[in-house]
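The residues making up each chain are set out below.
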Amino acid sequence: MAYVDLNADLGEDFGAYRLADDGEILAYVTSANLACGMHAGDPVVMARSVALAKARGVAVGAHPGYPDLQGFGRRDMALDEDEIHAFVLYQLGAIAAFARSQGVRLHHVKPHGALYNRAAVDRAAARAICRAVAEFDPSLKVYAPYRSELTAQAEAMGLCACCEVFADRRYEADGQLTPRRHPDAIIRDLDEACEQVLTMVREGRVRSRTGEWVEVAADTVCLHGDGPHAVELAKALHERLPHAGVQIRPA
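Residues numbered from 1 in each chain as written. Predicted model: local features only at pLDDT ≥ 70, side-chain atom pairs only at ≥ 80, totals over all residues. Heavy atoms only, no water.

Some thoughts on the side chain of arginine 169
As for its placement among the helices and strands, arginine 169 is situated in the loop between strand S6 (160-166) and helix H7 (190-203). Buried charged residue arginine 169 carries no salt bridge. Nearest counter-charge: aspartate 168, at 5.9 Å. Within polar-contact distance, the side chain of arginine 169 engages the backbone oxygen of alanine 185 at 3.5 Å. Here arginine 169 is in contact with Leu177, Thr178, Pro179, Arg180, Ala185, Ile186, Ile187, Gln196 and His224, once residues within four sequence places are set aside. (Helix = DSSP H or I, 4+ residues; strand = E, 2+ residues; numbered from the N terminus. Buried < 20%, exposed > 50% of the residue type's maximum accessible area, 1.4 Å probe, protein only. Lys, Arg positive; Asp, Glu negative; His and termini not counted. Salt bridge = Lys/Arg side-chain N within 4 Å of Asp/Glu carboxyl O. Polar contact = N/O pair within 3.5 Å; in protein donor to acceptor, adjacent residues only side chain to side chain. Contact = heavy atoms within 4.5 Å.)

What to know about the packing of aromatic side chains
Each aromatic ring pair is summarised here by two numbers: the centre-to-centre distance and the angle between the ring planes. Enumeration according to the criterion identifies 1 aromatic pair in this entry. Seen from their ring centres, tyrosine 116 and phenylalanine 166 are 5.7 Å apart, and the 85° between their planes marks the pair as edge-to-face. With a gap of 50 residues between them, tyrosine 116 in helix H4 (residues 113-121) and phenylalanine 166 in strand S6 connect regions that are remote in the sequence. For the pair shown, tyrosine 116 and phenylalanine 166 are each scored as buried. The aromatic ring of tyrosine 116 is capped on one face by lysine 110, whose charged end is 5.5 Å from the ring centroid. Above the face of the tryptophan 213 ring, arginine 205 is positioned so that its terminal group lies 3.7 Å from the ring centre. (Phe/Tyr/Trp six-rings, centres within 6.5 Å; stacked < 30°, edge-to-face > 60°. Lys NZ or Arg CZ within 6 Å of the ring centre and 35° of its normal.)

Some thoughts on a nonpolar patch on the surface
On the surface, a nonpolar cluster with roughly 320 Å² of combined accessible area is contributed by Phe14, Tyr17 and Leu69. On the secondary structure map, phenylalanine 14 appears in the loop between strand S1 (2-10) and helix H1 (22-25). (Patch = residues over 30% accessible without salt bridge, like charges linked within 9 Å, V, L, I, M, F, W, Y side chains within 5 Å. Areas by Shrake-Rupley, 256 points an atom, 1.4 Å probe, with all protein chains shown as cover.)

Overview of helix H3 (residues 81-101)
Its 21 residues place the ends of H3 30 Å apart at the C-alpha level, agreeing with the 30 Å of an ideal helix rising 1.5 Å per residue. Buried within H3 we find Ile84, His85, Val88, Gln91, Leu92, Ala94, Ile95, Ala96 and Ala99. Buried positions along H3 lie against strand S2 (31-35), helix H2 (43-56), strand S3 (59-63), strand S4 (108-109), H4 and helix H5 (123-136). For H3, the N-terminal cap is aspartate 80; the gap from its side-chain oxygen to the backbone nitrogen of aspartate 82 is 3.2 Å. (Expected span 1.5 Å × (residues − 1).)

Considerations on unusual backbone geometry
Of note in this structure, phenylalanine 72 is not a glycine but carries a positive phi near 55°. Of note, phenylalanine 72 is situated in the loop between S3 and H3. The phi torsion at arginine 147 lies on the positive side, around 50°, for a residue other than glycine. Here arginine 147 lies in the loop between strand S5 (141-145) and helix H6 (149-156).

Below, the structure written as structure tokens:
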């Protein structure tokens, strides 16, 4: 039997603004990447998100991003290695404080948005993130793209890298995610998203937007909590993966 973790980017509400039904999504995933107050989230949201994940028995991870509330962390920023290191370390400390206060131990770290995409190909950015993780808690797993700079730097520092794939995103022929500015970047059809996940988990490959097969490894599968059909996709994957012989469990 194949095994895979199902994760979601959550805790991205801010003040009076609500982006996702975290409580519903947490019923179907095994790990949660919680925003740490830079690209989304705030102290009240972080506390509530940890409590929700704890109540559902879902592994809690940090989801640090660029300090970019206006752009939701999806715009690249010209930060140098030391700045990225400092911002990531700051965010790890923030979410860990709320986790510790509720008797929860952090399980993993997954960079968000533009920072994640940059760390996939930029050695200095990847090194900055992994230095922060290693200094903060080297037992934390790092969720990262297969054969990326982030995976390489995590392994070089003795960290556990878990290869991540995406249920609701298309891929380019070079293995990178299709940029969100492209009209076909998001997979909106539930059946198509589920079939993509099953192919990635069972066959270790994904069909790119332009038709080529791309090699991947799938320790953990991400879906975006802010997507319009996030709950439906989480439920569909939760039901279809075991039916297809894939057990869902934390990475």
